[in-house]
Every structure is written in C-alpha cells, then in structure tokens.
Amino acid sequence: MKDRITIEGRDGAFGAYVARPKELPAPAVVVLHEVFGVNADIRKTCDELTENGFVAVAPDLFWRQEPGVDLSVTSEVDWQHGLRLYQAYDRDAGARDVKDTADVVAKLPECTGKVAVLGFCLGGLMTFLMAVRYDVDAAVVYHGGDTEKYLGEIDGLDAPLLMHPGEEDEFISKSAQAEIKSALVSKPNATVYSYPGQRHAFARHNGAHYNAAAATLANKRTCEFLNLHLRPATSSPAKPE
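Residues numbered from 1 in each chain as written. Predicted model: local features only at pLDDT ≥ 70, side-chain atom pairs only at ≥ 80, totals over all residues. Heavy atoms only, no water.

Trainee: Explain the nonpolar core to me, please; I cannot follow it from the model alone.
Mentor: Note that soluble globular proteins tend to have their nonpolar side chains buried in a common cluster. One finds Met 126, Phe 128, Leu 157, Leu 161 and Leu 184 to be the most contacted residues of the largest nonpolar core, which totals 52 residues. Every residue in contact with Met 126, bar those within four places of it in the chain, is listed here: Leu 32, Leu 61, Tyr 89, Arg 91, Gly 94, Ala 95 and Val 98. (Core = buried A, V, L, I, M, F, W, Y, C linked by side-chain atoms within 4.5 Å. Buried < 20%, exposed > 50% of the residue type's maximum accessible area, 1.4 Å probe, protein only. Contact = heavy atoms within 4.5 Å.)

If you want it as structure tokens, here you go:
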C-alpha cells in the first residue's frame with residue numbers, strides 16, 4: 001500500500017512518497033528529509049509510522065534544485081552532494097512547500113484531517129519553521145540544525161512541539177541547544193527531551209552515530225505525542241445511575 005503522490009504547491013508541483021496504514025482513514029504525518037533527500041531511510045521511517053496507524057507522506061524538499069534526490073547516508077560523495085543542496089536551499093520557499101504539503105495531505109480521502117509534521121536535521125529545522133509560521137496539529141523535531149537562528153519567531157508557536165536533541169551533537173552546539181531550551185521555557189506546549197552522550201542523527205537508520213536504545217526511546221515518545229495530539233480522546237464510559 002505504498003505509492004507516490006504529486007503535491008500541487010503554490011510555487012509548482014513536486015513529488016512525495018506516501019505510505020498508508022491498513023486501517024483508514026487515519027491521521028497523517030508529513031516526514032521531512034535530511035540532506036539525503038527522500039532516500040531509503042526516510043521511506044523506512046514512513047513505513048514504520050504506518051505500523052503505528054498513521055498515513056505518512058515525505059515530500060521532495062529539493063525539487064526546485066534537483067527533483068528526485070535519493071542519496072546514501074554512508075557515501076562521502078553523496079554526503080558532499082547533499083551538503084551542496086543544503087547550502088543552496090531556500091528555507092523560506094521550503095517552509096511554503098511544507099505548508100502546501102500539509103494542506104494537500106489533510107484533504108486526502110485516507111486522512112482524518114489531522115496532520116503533524118516530523119523532520120530530521122534540515123527537515124527538523126523546516127518542521128520548526130512550519131510550526132512557528134503556519135498552522136499544524138503537532139510538530140516533532142529530530143536534531144534540527146540552525147533552529148537557534150530562528151528563535152525570534154517563537155511567538156508564532158501555537159502547535160504542540162516535541163524536540164529530540166542529542167547532547168553531543170557535533171552540528172548543534174551546547175550553547176545553541178541552551179538557547180533553544182531557554183526560548184521554549186515560556187511555551188507550555190513545547191517539550192524538549194535531551195539525550196546524553198548522543199551525537200547528530202542518533203535516531204537515523206544506518207547513521208554513523210545511530211544508537212538503538214536512544215532511538216527507540218525517542219521514537220516511543222514521538223508515537224505517544226502523535227497519538228495524543230492527532231487522535232480524538234476516547235470518551236469515558238457512562239457511569240451507571
């Protein structure tokens with residue numbers, strides 16, 4: 001039950017990978033990729049979300065530069081390729097693309113209308129920008145690089161936000177992590193779980209610093225968070241009179 005769809009965005013059309021759970025309709029999660037594009041890892045992440053009962057959609061964020069990017073996380077050549085795309089990426093345009101994707105996904109017949117955004121690294125930053133600039137039902141950030149540069153927009157955050165920083169992240173300094181946590185203190189809807197000893201992309205499949213225990217814990221927290229905010233609360237049974 002896996003396929004691809006086209007997102008008709010305000011700036012043009014772009015592709016997205018979609019994975020569907022067995023029971024439909026279901027709430028949806030827009031999954032935002034790292035510098036490697038919609039690769040095997042991101043597709044696996046989408047497939048895992050369907051096992052927890054979510055529709056998962058991963059849009060091609062690099063469509064303006066190079067549609068269909070699918071890079072290996074273990075190749076130095078691919079890493080350099082992705083890094084060049086990352087450095088030239090238009091984040092403001094990208095945030096619009098994420099908004100357009102969420103709007104399209106919310107209207108899919110297999111979706112209940114509830115949509116969260118979840119992202120890794122570049123996708124983590126784009127998740128944060130989506131949450132502070134637009135409406136979304138929930139947002140989950142895994143190691144969002146450069147987030148501290150956009151903390152001036154924090155007043156726009158109304159959605160529930162969950163963050164998973166690794167304390168030893170080589171791309172997100174301890175001072176940057178402290179800035180992010182300090183800025184979010186005033187937001188009761190924001191939760192930050194830090195992971196001691198973990199480096200960048202500790203929760204990424206096949207990553208050099210993947211840690212199964214930390215990844216499992218982060219993903220468990222994510223699933224609980226998504227269920228809380230995307231599924232209607234079940235009514236308590238009526239008490240007998």
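From this point, the narrative continues.
Trainee: Just checking my understanding: could you explain the environment of Lys 181 for this structure?
Mentor: As for its position among the elements, Lys 181 is in helix H5 (residues 174–184). When the C-alpha atoms of Lys 181 and Thr 191 are compared, they prove to be 9.0 Å apart, with 10 residues separating the residues in sequence. Excluding its chain neighbours within four sequence positions, the residues that come into contact with Lys 181 are Val 192 and Ser 194. (Helix = DSSP H or I, 4+ residues; strand = E, 2+ residues; numbered from the N terminus.)

Trainee: Is there a simple way to think about the environment of Ala 139 in this case?
Mentor: Structurally, the position occupied by Ala 139 is in strand S6 (residues 138–142). For Ala 139, a relative accessible area of 0% puts it in the buried group. When sequence neighbours within four positions are dropped, the list of residues in contact with Ala 139 reads Val 117, Thr 127, Ala 131, Pro 160, Leu 161, Leu 162 and Phe 225.

Trainee: So what exactly am I meant to see when it comes to the pairing of strand S5 (residues 111–120) here?
Mentor: Residues in a regular strand point their side chains to alternate faces of the sheet. When you tally the buried positions in S5, you get seven out of 10 residues, the bulk of the element. Inspection of the sheet shows strand S3 (residues 26–32) paired to S5 by six bridges, in the parallel sense. Among the inter-strand pairings, Val 29 is bridged to a residue of S5, identified as Ala 116. Here S5 runs beside S6; their pairing, made up of five bridges, is parallel. By the bridge assignment, Val 117 is partnered in S6 with Ala 139. (Pairing = 2+ DSSP bridges.)

Trainee: Quick question: what am I supposed to make of the pattern of salt bridges here?
Mentor: Note that side chains of opposite charge can pair when their charged atoms are close. Under the defined criterion, the tally for this structure stands at 16 salt bridges. The partner of Arg 10 in a salt bridge is Asp 100, with the nearest N and O atoms 2.8 Å apart. Here Asp 100 lies in helix H3 (residues 91–106) and Arg 10 lies in the loop between strand S1 (2–9) and strand S2 (12–19), a separation of 90 residues in the sequence. According to the relative accessible area criterion, Arg 10 is partly exposed, its value standing at 47%. Judged by relative accessible area, which is 8%, Asp 100 ranks as buried. (Salt bridge = Lys/Arg side-chain N within 4 Å of Asp/Glu carboxyl O.)

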